[in-house]
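A structural walkthrough
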Number of protein chains: 2
Amino acid sequence: MDLKQSVQDAQERINRYVSETPLELSPYLSKIGKCRVWLKCENVQTTGSFKLRGAANKLLSLKTSEVSQGLVTASSGNHGNAFAYLVNMLGFPARIVLPENASPAKVEALRYWGTGIELYGNDCVEAECFARESAAKRGEVFISPYNDPDIIAGQGTVGIEIMAQMDRLSPDRKTDVVLVPVGGGGLISGIAGYLKAIDEHIEMIGCQPENSAVMYESMKAGRIISLESKPTLSDGTAGGIEPGSITFELCQRLVDDMVLVSEKEIVEALHLILERHHLLVEGAGALTVAAFLKNIARFEKKNVVLVISGRKIGISQLKEILC
Amino acid sequence: MDLKQSVQDAQERINRYVSETPLELSPYLSKIGKCRVWLKCENVQTTGSFKLRGAANKLLSLKTSEVSQGLVTASSGNHGNAFAYLVNMLGFPARIVLPENASPAKVEALRYWGTGIELYGNDCVEAECFARESAAKRGEVFISPYNDPDIIAGQGTVGIEIMAQMDRLSPDRKTDVVLVPVGGGGLISGIAGYLKAIDEHIEMIGCQPENSAVMYESMKAGRIISLESKPTLSDGTAGGIEPGSITFELCQRLVDDMVLVSEKEIVEALHLILERHHLLVEGAGALTVAAFLKNIARFEKKNVVLVISGRKIGISQLKEILC
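Just so you know, these numbers come straight off a predicted model, no measurement behind them.

Cut-offs applied
- Residues numbered from 1 in each chain as written.
- Chains lettered and ligands numbered in written order.
- Predicted model: local features only at pLDDT ≥ 70, side-chain atom pairs only at ≥ 80, totals over all residues.
- Heavy atoms only, no water.
- Contact = heavy atoms within 4.5 Å.
- Buried area = accessible area lost by both parts, 1.4 Å probe.
- Salt bridge = Lys/Arg side-chain N within 4 Å of Asp/Glu carboxyl O.
- Helix = DSSP H or I, 4+ residues; strand = E, 2+ residues; numbered from the N terminus.
- Nonpolar A, V, L, I, M, F, W, Y, C, P; charged D, E, K, R; others polar.
- Axes fitted to C-alpha atoms, helices over the stretch in contact; angles between N-to-C directions.
- Parallel < 35°, antiparallel > 145°, perpendicular 65-115°, else oblique.
- Least-squares fit on C-alpha atoms with pLDDT ≥ 70 in both.
- Buried < 20%, exposed > 50% of the residue type's maximum accessible area, 1.4 Å probe, protein only.
- Disulfide = S-S within 2.5 Å.
- Core = buried A, V, L, I, M, F, W, Y, C linked by side-chain atoms within 4.5 Å.

Overview of the interface of chain B and chain A
Between chain B and chain A, the residue contacts involve 39 residues of the former and 39 residues of the latter. A buried area of about 3,600 Å², summed over both sides, lies between chain B and chain A, and 64% of it is on carbon and sulfur atoms. On inspection of chain B and its partner chain A, the count reaches four salt bridges. Across the salt bridge formed by Glu108 of chain B and Arg276 of chain A, the nearest N and O atoms sit 3.9 Å from each other. Put simply, the parts of the chain that give the side of chain B that touches chain A at least two residues each are β1 (23–25), α2 (27–33), α5 (78–90), α9 (157–169), α13 (263–277) and α15 (315–322) of chain B. Top contributing element to the side of chain B that touches chain A by residue count: α13 of chain B, with five residues. For the side of chain B that touches chain A, the class distribution of residues is 19 nonpolar, nine polar and 11 charged.

Structure, rendered in structure tokens:
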């Protein structure tokens with residue numbers, strides 16, 4: 001597929017529902033890194049993360065015949081939140097499958113949007129399997145959080161904004177490097193697909209937590225591997241990659257390097273973003289700042305973009321980090 | 001002056017530097033208020049607050065002969081931050097006067113932008129007086145944080161965005177009420193000037209802390225009064241109003257009601273915004289949520305916009321609120 005064109009088409013399709021998020025210069029990181037550092041703040045996207053972009057592009061690309069069958073997804077995180085918000089706005093029939101132990105607060109938040117909630121199984125994997133199978137049986141459309149060309153193209157619109165904002169705010173310096181959090185790989189595939197088509201010299205670096213480094217290890221192995229994940233603050237990127245996911249081949253082709261960070265480094269980055277930028281971010285949202293700090297010498301004199309992915313952090317987690 | 005036209009002109013002038021901030025539906029507040037509540041998130045504006053809009057409009061409206069004389073302001077808060085960012089971007093010669101006891105962290109943050117920093121006097125009032133007087137002597141242009149038609153018109157661009165976003169996101173319901181934090185009154189004057197010109201039925205409510213209610217008391221008295229302020233979490237709106245400020249007459253004419261909130265109510269609102277929206281806001285930024293909660297029955301069935309003004313809250317203050 002022509003990813004650049006798909007991303008441009010997505011932009012046209014979704015701009016009614018999606019905010020252009022700020023590209024914000026970080027004086028502090030620029031100073032300590034002897035470079036220029038910009039935060040691309042998808043944490044302030046409507047519904048709390050970039051996931052709105054992909055979900056909007058997917059839902060607005062469906063045929064009416066598909067919509068009328070009903071839509072299903074399985075996520076209580078940022079993807080689920082974006083999905084619930086959009087099906088409410090669009091008036092689409094939909095349900096979300098969650099594990100039986102899903103937190104009541106998350107279930108309540110999703111219920112507000114009027115989406116049907118179905119509880120099934122003991123964890124997210126069981127809930128997702130059930131969602132897929134029951135959707136297939138009933139003829140509903142299952143909406144994947146990342147393994148879908150329309151989702152990837154939607155996430156890629158972050159790349160369009162980075163290009164346009166950099167031209168506007170930094171006419172003297174082009175983008176050299178972009179760091180992106182990686183879970184399933186949808187976000188980095190979309191951004192890299194667009195940016196590399198515009199300028200192949202832009203370096204794309206994926207960031208993962210050491211405790212759940214499935215894409216990192218898969219790229220090293222040259223095939224999607226399954227790997228147990230340890231608990232991580234970056235729960236937004238944690239977990240395995242679906243067998244045969246189209247994001248894997250895209251990451252192999254478009255991502256120049258992958259960087260891992262520890263839990264301690266994620267906490268330090270979260271703290272820094274709170275203190276220096278007064279922005280609340282979730283663990284996954286802090287990955288790129290952590291990766292930048294860990295490899296700071298490498299970025300000297302460069303014009304660097306750190307993509308901040310989302311803000312869904314619980315109050316109790318925030319307290320732990322602060323106190 | 002034709003405030004509506006000035007606001008529209010400002011929009012054209014500043015859109016290169018300013019983000020369109022999200023207008024975000026609040027499921028939780030909508031549910032408990034039996035109404036529809038939207039947050040206008042100026043806390044995620046570049047440089048941390050709506051102050052960027054007014055400062056950008058002022059700076060871009062200056063004649064080159066004025067710019068070449070040098071620009072001066074006196075603020076280590078959101079206005080100062082926006083000013084320092086913009087003069088750096090625009091390459092304008094400028095200095096900021098701060099009191100001698102200004103926090104080293106704030107001074108350092110401003111210095112990054114290359115603006116000259118001058119320390120003078122024991123508090124903000126002394127620093128501001130000195131800034132004005134020395135500017136007059138040297139022929140420099142003093143940039144007020146609110147008492148200036150160009151600043152007011154810039155802040156009013158928040159109103160343009162509210163109208164456009166409401167049309168897009170809520171085609172079935174027009175805006176009924178807008179709540180806005182009030183300090184000097186620049187923000188509410190600009191927004192109300194624009195919105196009332198479009199639809200005079202939109203109700204405008206100003207919000208202040210009980211501990212520093214100068215505009216509230218002045219409007220009651222029918223003249224600008226000076227009044228001692230007690231310490232408040234809403235330091236962004238605290239302090240007196242300049243004698244003869246043009247915002248006073250605008251507020252008298254355009255603001256339908258003023259609401260006061262206690263410190264405890266501000267803390268509760270801050271907590272709620274963190275927990276339900278995962279957004280970090282400063283005390284002033286939480287005023288409208290606090291005012292909404294305090295008067296909740298009044299908003300039943302209405303379509304309500306709460307303007308969130310900024311996010312500059314210190315880590316230690318945040319800890320106190322959370323722990």
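We are not done yet, so read on.
Remarks on the packing of helix α1 (residues 3–14) of chain A against helix α3 (residues 51–61) of chain A
Residues and elements named next belong to chain A. In the contact formed by α1 and α3, the axes pass within 9 Å of each other and the chain directions differ by 85°. It follows from the interaxial angle that α1 and α3 lie roughly perpendicular. Two secondary-structure elements touch here, α1 through Ala10, Arg13 and Ile14 and α3 through Arg53, Ala56, Asn57, Leu60 and Ser61. Broken down by class, the residue content of the contact of α1 with α3 amounts to four nonpolar, two polar and two charged.

Some details on the relation of the copies chain B and chain A
Placing chain B over chain A gives an RMSD of 0.0 Å and needs a rotation angle of 180°, together with 0.0 Å of translation along the axis. As the rotation angle and translation indicate, the two copies are arranged about a two-fold axis. Residues of chain B ranked by C-alpha distance from the rotation axis are headed by Leu280 of chain B, positioned 2.8 Å from it.

Re the environment of Val107 of chain A
Residue and element names in this part refer to chain A. Counting through the fold element by element, Val107 comes out in helix α6 (residues 104–111). Classification of Val107 as buried rests on a relative accessible area of 9%. Sequence-wise, Val107 and Gly285 are 178 residues apart; in three dimensions their C-alpha atoms are separated by 22 Å. Setting aside residues up to four positions removed in sequence, Val107 forms contacts with Leu98, Ala102 and Ile117.

Looking at the state of the cysteines
Linking two cysteines covalently through their sulfur atoms gives a disulfide. Applying the stated criterion across every chain, the model contains one disulfide over all chains. The partner cysteine of Cys323 of chain A in its disulfide is Cys323 of chain B, sulfur to sulfur 2.2 Å. Highlighted residues: Cys323 of chain A in the segment after α15 (315–322) and Cys323 of chain B in the segment after α15, drawn from two different chains. Here Cys323 of chain A matches Cys323 of chain B in class, with each residue exposed. Looking at the unpaired Cys251 of chain A, the closest cysteine sulfur is the one in Cys207 of chain A, lying at 12 Å. Relative accessible area serves as the criterion here: at 0%, Cys251 of chain A is assigned to the buried category. Its sulfur unpaired, Cys124 of chain B is 11 Å from the next cysteine sulfur, which belongs to Cys129 of chain B. By relative accessible area, which is 58% here, Cys124 of chain B ends up exposed.

Focus on the nonpolar core
Among the nonpolar cores identified, the biggest contains 74 residues, and Leu179, Val289 and Leu306 of chain A together with Leu179, Val289 and Leu306 of chain B are the most heavily contacted of them. Setting aside residues no more than four positions away along its own chain, Val289 of chain A makes contact with Leu29, Leu39, Ala269, Leu272, Ile273, Leu306 and Ile308 of chain A. Ranked by size, the runner-up nonpolar core spans 65 residues in total, among them Tyr17, Leu52 and Val87 of chain A together with Val180 of chain B.

Comments concerning the packing of helix α13 (residues 263–277) of chain A against helix α14 (residues 287–294) of chain A
Residue and element names in this part refer to chain A. Packing of α13 against α14 leaves a shortest axis separation of 8 Å and a crossing angle of 105°. Classified by the angle their axes make, α13 and α14 are roughly perpendicular. Only Leu287, Val289, Ala290, Leu293 and Lys294 of α14 make contact with α13, whose side of the interface consists of Glu265, Ile266, Ala269, Leu272 and Ile273.

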